[in-house]
Amino acid sequence: MKLDVDVLRYLSKEDFRVLTAVEMGMRNHEIVPSDLIDRIASLKHGGTYKVLKNLLKHKLLHHDSSKYDGFRLTYLGYDFLAIKTMVNRGVFTAVGRQIGVGKESDIFEVAREDGTVMAMKLHRLGRTSFRAVKSKRDYLRHRSSYNWLYLSRLAALKEFAFMKALEEHGFPVPNAVDCNRHCVVMSLIQGYPLVQVKQLQNPETVFETILGLIVRLAEHGLIHCDFNEFNIMIDDDEKVTMIDFPQMVSVSHRNAQMYFDRDIECIFKFFGKRFNLSFEECSDDIDDSEVDTDESGRPSFSSITKTTGFLDKELAASGFTRKDQDDIQKEEPTSSCNEEGQVDQNHHTPEAGQGGDSESQNSSNEEEDNQNADENDAELMKSLAKQRRRAMAAARKGRKNIASRNSYKDKGGKSSNNSKIQKQLSSW
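The structure displayed is predicted, hence computed values, not measured ones.

A closer look at the sheet that holds strand β11 (residues 232-234)
1) Next: Spatially, the three strands line up as an open sheet ordered β9-β11-β12, and their pairing is antiparallel. At either end of the open sheet lies a strand with only one pairing partner, and these are β9 (192-193) and β12 (240-242).
2) Next: Bridge count for β9 against β11 is two bridges, and the pairing is antiparallel. Looking at the pairing, P193 lines up with M233 of β11.
3) Next: Lying over the sheet, helix α7 (residues 203-219) contacts β11 and β12, oriented at roughly 35 degrees with respect to β12.

What to know about helix α4 (residues 75-89)
1) Next: Here α4 spans 21 Å end to end across 15 residues, near enough to the 21 Å set by a 1.5 Å rise per residue.
2) Next: Where α4 is concerned, the buried positions are Y75, L76, G77, Y78, D79, F80, L81, A82, I83 and M86.
3) Next: Following α4 by one or two positions, G90 adopts a phi angle in the positive range, close to 85 degrees.

Observations regarding the layout of surface pockets
Summary: where empty space remains is shown by rolling a probe the size of a single water molecule over the atoms.
1) Next: Estimates place the volume of the second largest pocket at around 830 Å³.
2) Next: Taken together, 32 residues line the second largest pocket, and the ones lying closest to its centre are G100, I107, F230, M233 and I243.
3) Next: Counting residues per element, the ones that place at least two in the lining of the second largest pocket are β4 (94-101), β5 (105-111), β6 (117-123), β8 (183-187) and β9.
4) Next: Here the lining of the second largest pocket takes four residues from β4, the largest share from any one element.
5) Next: In terms of residue class, the lining of the second largest pocket is made up of 15 nonpolar, nine polar and eight charged.

About the cut-offs
Residues numbered from 1 in each chain as written. Predicted model: local features only at pLDDT ≥ 70, side-chain atom pairs only at ≥ 80, totals over all residues. Heavy atoms only, no water. Pairing = 2+ DSSP bridges. Helix = DSSP H or I, 4+ residues; strand = E, 2+ residues; numbered from the N terminus. Contact = heavy atoms within 4.5 Å. Axes fitted to C-alpha atoms, helices over the stretch in contact; angles between N-to-C directions. Expected span 1.5 Å × (residues − 1). Buried < 20%, exposed > 50% of the residue type's maximum accessible area, 1.4 Å probe, protein only. 1 Å grid on protein atoms, 1.4 Å probe; cavity = no way out; pocket = protein on both sides within 12 Å on 5 of 7 lines; lining within 4 Å. Points joined across faces, edges and corners; volume = space filled by probe spheres on them. Nonpolar A, V, L, I, M, F, W, Y, C, P; charged D, E, K, R; others polar.

Put into structure tokens, the structure is as follows:
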């Protein structure tokens, strides 16, 4: 479905209120009933149905009356909610042309108020070309029910987290700016996909750089799983930037070696066909590194050790289990120092003795108990204030208190309502 942002300027607050109501209803409904949308939106004078008709005209909603009269969000309506939130945050002020399309996302140009151009990626899982998400990705984990909008949101959150972490560790990735729903805003790479490049001045150098990125990712505990010419950007100076991260897995994944070898094979295959590259000279440079190679000069997955970090642990990458986390904690030393030479407060030196350890543990437990008590007191005061406001409002307006639809509804009439109000007022 084509994204037409011109419609966005003509939508009112009531339109976005109804769109948000449908989004909230889709948490536990595949098709949200019309009366539930009306109750959540709470528009005056029955204006919800008029707004629904307007949104349906612009294809922001889909109407379904097979079992009951209801609506669900389309990807276009979900796009408008995400874009509206980004504009309200001040992330960007204009949406430009579409610059890319893939099997699971669309990419558009966006601009800030100062004219800075960025890239906006809208995840669109569920297309006909890529529907095997449940079997190929572990977005759902233990969940059994899902919809495509929710899966797109999970993919966007995962990609934003990977991009942020890789940028902090010095990997050549786009700068992650913001994320909302299924939308990720990042810096625009001034380059071209490697698949569009026909000639390179130094193909051997680019080849070694790309292989080095795959090995570095594995040393940090991650495997890209889709590292090919379509997900590698290269600029005029032959600087490499990698993109597309939702499918990344941990080196502890049961199929990690297969994914690693597949990424390596994609690079060897592409450079051999496109640039007629001889891998004998390149394999000599690879042999000089600490990573072992096989007979064909390809890096060996079994020789790679996680020596520079545990990004799969930090990001909860697919395949990282509780057993791996316990093994990491056992391998950690009893005392560690930061870059300035100071001892880490989370670990105690053996010279401190058991007495110092017990005292520090007792003090930390007391601090945690005090913090939990303060949080409980704050929640209690908040709930009491909420009940007080409800009781006072019910006493003034002469109607029963607002209750959830799952709570018991008293059918005793006005007398029971008045007795409830008197009991609540007497308790205060």
